[in-house]
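Breakdown of the fold
Here is what each chain is made of, one letter per residue.
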Amino acid sequence: MKIIVMGAGVIGVTTAYQLLKDGHDVTVIERNDRPAAETSFANAGLIAPGHAYAWSSPRAPGILLKSLWRDDQALRFRFSSDPLFWRWCYLFLRQCNAEGARRNTLRKHKLCVYSQAALNQVVAETGVAYDQAAGGILYFYRTAESFARGAANTKILADDGQDLQVVEPDEVVRLEPALAGAKESIAGAIYCPSDESGDSHLFSVNLAKHCEDRGVRFLYNTAVEALEVEGDRVTAVRCANSRKSADHYVLALGNQSANLARTLGVKLPIYPVKGYSVTLPVEAEHQPPALGGVDEDSLVAYARLGNRLRVTATAEFAGYDTSHKPADFAYMLSVARGLFPNGAAYDRPSYWSCLRPMTPEGSPLFGLGAQKNLTYNCGHGHMGWTMSCGAARITADLIAGRPSEIDLAGMTVQ
């Protein structure tokens with residue numbers, strides 16, 4: 001079957017790979033000049049089923065409220081005149097209760113565990129390199145109160161089969177010697193030995209090359225402008241100077257998915273949540289961390305990616321704006337310097353901001369809408385890297401008419 005995949009982020013590229021494996025004739029359409037040039041370009045790098053907690057928790061509304069006058073909050077709220085923003089916020093707040101948080105966390109965790117296994121299979125099949133760092137991730141806390149709360153929160157994932165270990169400061173430093181200088185400021189940590197890290201951009205570029213070498217066509221600098229529809233079927237993708245037809249189509253356009261779906265009368269509850277990252281060179285004289293980690297009290301995450309240190313923070317509800325200035329990164333850099341004074345070349349930062357395509361629940365959307373040959377694979381939010389390979393396999397299974405290997409309740413367009 002001839003299939004067009006719209007989008008060449010990590011979601012689109014992994015979907016193309018799974019469809020190629022199924023024997024389809026695949027074309028990928030991407031508005032940028034290369035794969036993984038937007039949300040997948042410089043994310044946290046963590047592959048973290050052990051951190052698959054829903055953002056829409058009972059504590060989230062209070063954090064958002066405090067962000068109106070404080071800049072050190074993990075979630076930031078910025079006023080917008082966009083009615084779609086307010087609709088999304090309403091849906092998000094409806095999830096901010098104990099029952100919703102539990103349901104959404106378990107749903108995300110199930111997909112993340114499945115996807116990590118799918119990633120391992122893709123790597124075994126292709127040999128794709130991505131600066132992988134196995135050995136676990138540390139989620140550490142600065143106060144006894146937050147540590148106790150974090151340890152209690154592990155029950156939901158532990159009961160779902162996740163190996164999570166509560167460790168004291170001495171064990172934290174044994175696992176990650178680079179944190180020795182910060183030991184006195186760490187109350188304890190949760191260690192997930194099966195979590196890992198890697199560069200989603202490098203992975204996407206290398207996997208795209210693998211697919212291209214085996215016949216997948218990538219059309220770069222080609223923006224999708226509209227879909228042509230007859231009855232209950234898509235007949236073509238319309239681009240600026242061309243029209244592309246196929247038997248089946250996959251919508252994997254990240255934040256643009258909701259905009260395109262609206263032209264078909266489909267209201268996807270996806271809205272961008274802005275994130276910031278800074279990437280720092282690591283040279284011979286530096287002492288970077290070996291394991292990825294998250295400072296849970298500031299929600300600053302870090303990961304070593306080969307000869308670079310990636311530091312990320314903040315989820316800002318600010319619409320489609322991707323602009324940034326050095327001051328936006330001051331807080332996360334101060335946290336990183338405090339943890340790893342000689343961890344990287346802090347005088348040579350590379351700044352980045354991106355838009356995560358979030359659903360109120362935090363889990364993506366799959367399946368068919370009104371058009372019987374348009375499959376959705378979008379809305380993966382801040383865990384798109386973790387979810388990508390499993391989401392791609394689910395999409396390929398749905399197109400092939402095979403039952404999904406995990407329950408998709410609450411994760412379908414319908």
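This text goes with the structure placed above it.
Computed from a predicted model, the values in this text were never measured in an experiment.

Concerning the overall build of the chain
From N to C terminus, the chain includes 10 helices and 20 strands. Relative to the compact-globule value of 22 Å for 414 residues, the chain shows a C-alpha radius of gyration of 21 Å, a close match. For the chain, buried positions account for 56% of its 414 residues. Charge centroids of the chain, computed over 41 positive and 43 negative side chains, lie 5 Å from each other.

Examining the sheet that holds strand β2 (residues 25-29)
Here six strands make up an open sheet; going across it, the order is β9-β2-β1-β13-β20-β19 and the pairing mixed. For this open sheet the edge positions go to β9 (217-219) and β19 (365-368), each flanked by a neighbour on one side alone. In this sheet, adjacent strand axes meet at a mean angle of 15 degrees when their direction is disregarded. Here β19 runs beside strand β20 (residues 374-378); their pairing, made up of four bridges, is antiparallel. Note on β20: the bridge partner recorded for Gly367 is Tyr376.

Overview of the packing of helix α4 (residues 98-126) against helix α10 (residues 384-400)
Their axes nearest at 6 Å, the elements α4 and α10 cross at an angle of 85 degrees. Comparing their axes, α10 and α4 come out roughly perpendicular. Contacts between α4 and α10 involve Lys108, Leu111, Cys112, Tyr114, Ser115, Gln116, Ala118, Leu119, Gln121 and Val122 from the first element and Trp385, Thr386, Met387, Cys389, Gly390, Ala391, Arg393, Ile394 and Asp397 from the second. A class-by-class count of the residues in the contact of α4 with α10 yields 11 nonpolar, five polar and three charged.

Some details on the side chain of Thr222
In this fold, Thr222 is placed in the loop between β9 and β10 (224-230). For Thr222, the side chain forms a polar contact with the main-chain oxygen of Tyr220, separated by 2.9 Å. In contact with Thr222, other than residues within four places in its own chain, are Ile29, Glu30, Arg31 and Cys239.

A word on empty space enclosed by the protein
A full pass over the atoms with the stated rule returns one cavity of 30 Å³ or more. Approximately 40 Å³ is the volume found for the largest cavity. Surrounding the largest cavity, Ala54, Trp55, Ser56, Phe92, Lys108, Met358, Thr359, Pro360, Glu361, Gly362 and His382 form its lining. Its residues placed into classes, the lining of the largest cavity shows five nonpolar, four polar and two charged.

Some points on the pairing of strand β7 (residues 188-192)
By the criterion of burial, β7 is predominantly enclosed, with five of the five residues buried. Relative to β7, strand β5 (residues 137-141) runs antiparallel, the two being bridged by five bridges. Directly across from Tyr139, in β7, lies its bridge partner Ile190. Relative to β7, strand β6 (residues 165-167) runs antiparallel, the two sharing three bridges. From the neighbouring strand, Val167 faces β7, where its bridge partner is Ala189.

A few points about helix α1 (residues 10-21)
Think of an α-helix as turning once every 3.6 residues; residues three or four places apart then point the same way. End to end, α1 covers 17 Å across 12 residues, agreeing with the expected 16 Å (1.5 Å per residue, within 8%). Most of α1 sits inside the fold, with 11 of its 12 residues counted as buried. Regarding α1, the residues found buried are Val10, Ile11, Gly12, Val13, Thr14, Thr15, Ala16, Tyr17, Gln18, Leu19 and Leu20. Where α1 ends, the next residue or the one after it, Gly23, has phi of about 90 degrees, a positive value.

Description of the nonpolar core
The biggest cluster of nonpolar side chains holds 30 residues, and the ones touching the most others in it are Leu19, Val28, Phe203, Leu207 and Val216. Contributing elements (two or more residues each) for this core: β1 (2-6), α1, β2, α4, α7 (200-213) and α10. Per-element accounting of this core gives the leading share, seven residues, to α1. Among the nonpolar cores identified, the runner-up in size contains 29 residues, and Ile186, Val300, Val335 and Leu339 belong to it.

Some points on the packing of α1 against α7
Close contact between α1 and α7 brings their axes to 9 Å; oriented N to C, the two are set at 30 degrees. By the criterion of interaxial angle, the relationship of α1 to α7 is roughly parallel. Remark: the crossing between α1 and α7 carries left-handed chirality. Contacts from Val10, Val13, Thr14, Ala16, Tyr17 and Leu20 of α1 reach α7 at Phe203, Ser204, Leu207, Ala208, His210 and Cys211. Classifying every residue of the contact of α1 with α7 by side-chain character gives nine nonpolar, three polar and no charged.

Some thoughts on helix α5 (residues 144-158)
An ideal rise of 1.5 Å per residue puts 21 Å on 15 residues; α5 measures up with 21 Å between its terminal C-alpha atoms. For α5, the set of buried residues is Ser146, Phe147, Gly150, Thr154, Ile156 and Leu157. The arc enclosing the buried residues of α5, seen along the axis, measures out at 145 degrees, which places them on a common side. Among the exposed residues of α5, those pointing more than 90 degrees away from its buried face are Ala144, Glu145, Ala152 and Lys155. Considering only its buried residues, α5 is in contact with α4, β5, β6 and β7.

The rules behind each value
Residues numbered from 1 in each chain as written. Predicted model: local features only at pLDDT ≥ 70, side-chain atom pairs only at ≥ 80, totals over all residues. Heavy atoms only, no water. Helix = DSSP H or I, 4+ residues; strand = E, 2+ residues; numbered from the N terminus. Rg over C-alpha atoms; globule rule 2.2 N^0.38 Å. Buried < 20%, exposed > 50% of the residue type's maximum accessible area, 1.4 Å probe, protein only. Lys, Arg positive; Asp, Glu negative; His and termini not counted. Charge placed at Lys NZ, Arg CZ, Asp CG, Glu CD. Pairing = 2+ DSSP bridges. Axes fitted to C-alpha atoms, helices over the stretch in contact; angles between N-to-C directions. Parallel < 35°, antiparallel > 145°, perpendicular 65-115°, else oblique. Contact = heavy atoms within 4.5 Å. Nonpolar A, V, L, I, M, F, W, Y, C, P; charged D, E, K, R; others polar. Polar contact = N/O pair within 3.5 Å; in protein donor to acceptor, adjacent residues only side chain to side chain. 1 Å grid on protein atoms, 1.4 Å probe; cavity = no way out; pocket = protein on both sides within 12 Å on 5 of 7 lines; lining within 4 Å. Points joined across faces, edges and corners; volume = space filled by probe spheres on them. Expected span 1.5 Å × (residues − 1). Core = buried A, V, L, I, M, F, W, Y, C linked by side-chain atoms within 4.5 Å. Left-handed = near helix turned anticlockwise from the far one by under 90°. Arc of directions from axis to C-beta.

Geometric descriptors of this kind do not, in isolation, establish any biological role.
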